[in-house]
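Letter by letter, the chains look like this.
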Amino acid sequence: RYDDSSNPNPEQFRKLFIGGLSYETDEKSLKAHFETYGEITDCIVMKDPNTKKSRGFGFITYKEATQLDDAQKSRPHTVDGREVETKRAMPRDDPTNQQSVKKMFVGGLKDDTTEEMIREAFAGKIDNVDMIKDKATGKSRGFCFVEFPRV
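Residues numbered from 1 in each chain as written. Predicted model: local features only at pLDDT ≥ 70, side-chain atom pairs only at ≥ 80, totals over all residues. Heavy atoms only, no water.

Q: I tried to follow the overall build of the chain on my own but got confused; where do I start?
A: From N to C terminus, the chain includes three helices and eight strands. Counted over contacts in the chain with a minimum sequence separation of 6, partners at least 24 positions apart contribute 56%. Accessible surface, the chain as shown: approximately 10300 Å² in total, 49% of it carbon and sulfur. (Helix = DSSP H or I, 4+ residues; strand = E, 2+ residues; numbered from the N terminus. Contact = heavy atoms within 4.5 Å. Areas by Shrake-Rupley, 256 points an atom, 1.4 Å probe, with all protein chains shown as cover.)

Q: Help me understand the sheet that holds strand β8 (residues 140–147) in this model?
A: Each strand in a sheet pairs with its neighbour through backbone hydrogen bonds, running either in the same direction (parallel) or in the opposite one (antiparallel). Spatial ordering of the open sheet is given by β6-β8-β7, a layout of three strands whose pairing is antiparallel. The outermost strands of the open sheet, each flanked by one partner alone, are β6 (103–107) and β7 (128–133). Across this sheet, the average inter-strand angle for adjacent strands is 20°, counted without regard to direction. (Pairing = 2+ DSSP bridges. Axes fitted to C-alpha atoms, helices over the stretch in contact; angles between N-to-C directions.)

Q: Looking at this model, I keep getting lost on the sheet that holds strand β3 (residues 54–62). Mind explaining?
A: If you walk across this open sheet you meet the five strands as β2-β3-β1-β5-β4, and the pairing is antiparallel. Either end of the sheet is taken by a strand with one partner, and the two such strands are β2 (40–47) and β4 (77–79). Strand-to-strand twist across the sheet, computed as the mean angle between neighbouring axes with direction ignored, equals 30°. Helix α1 (residues 27–34) contacts β1 (15–19), β2, β3, β4 and β5 (82–88) of the sheet and is inclined by roughly 140° relative to β2. In this fold helix α2 (residues 65–73) packs onto β1, β3, β4 and β5, with an angle of close to 140° to the strand it touches most, β5.

Q: Is there a simple way to think about the side chain of Thr61 in this case?
A: You can see Thr61 is positioned in strand β3. The contacts of Thr61, once residues within four sequence positions are left out, are Glu11, Arg14, Lys15, Glu39, Ile40, Thr41 and Asp42.

Q: Sorry, what's going on with α1 here?
A: Think of an α-helix as 3.6 residues a turn; residues three or four steps apart then line up on the same face. Residues of α1 that are buried include every one of Ser29, Leu30 and Phe34, and no others. Along the axis of α1, the buried positions cluster into a sector of 125°, meaning they face one direction only. Structurally, α1 contributes buried residues whose contacts are with β1, β2, β3, α2, β4 and β5. (Buried < 20%, exposed > 50% of the residue type's maximum accessible area, 1.4 Å probe, protein only. Arc of directions from axis to C-beta.)

The following block contains the structure:
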């Protein structure tokens, strides 16, 4: 579905996710806003299958990838009086989208937790441990970030 190399404009480069929609937004008003950036081949507001009410997000598919780029360059977007979040849609079944996490939040640390203790707990290769401290007191704020090498 997404690996049609004969198509110079595969759907994965033309499909836009729109989140944070008003529950009153329908396909008509969503399309009306986004068609100013180019020809739309598909427009859908996702609905709950039981209640048929909007789930607050949808998708727009443009005819050309450059039209999606134009829409993204014009952020932020306001649809039906509400600012929405737009992102290039990523197919869930494409393994190239399942990127590994490089930086991880670790919370609930005791005041006396050291960087060495964190490194020991994550036995393995760690690029960096960023222990977050209160700027005024220098005391631990109870969390850190651990960075791993990319795989």
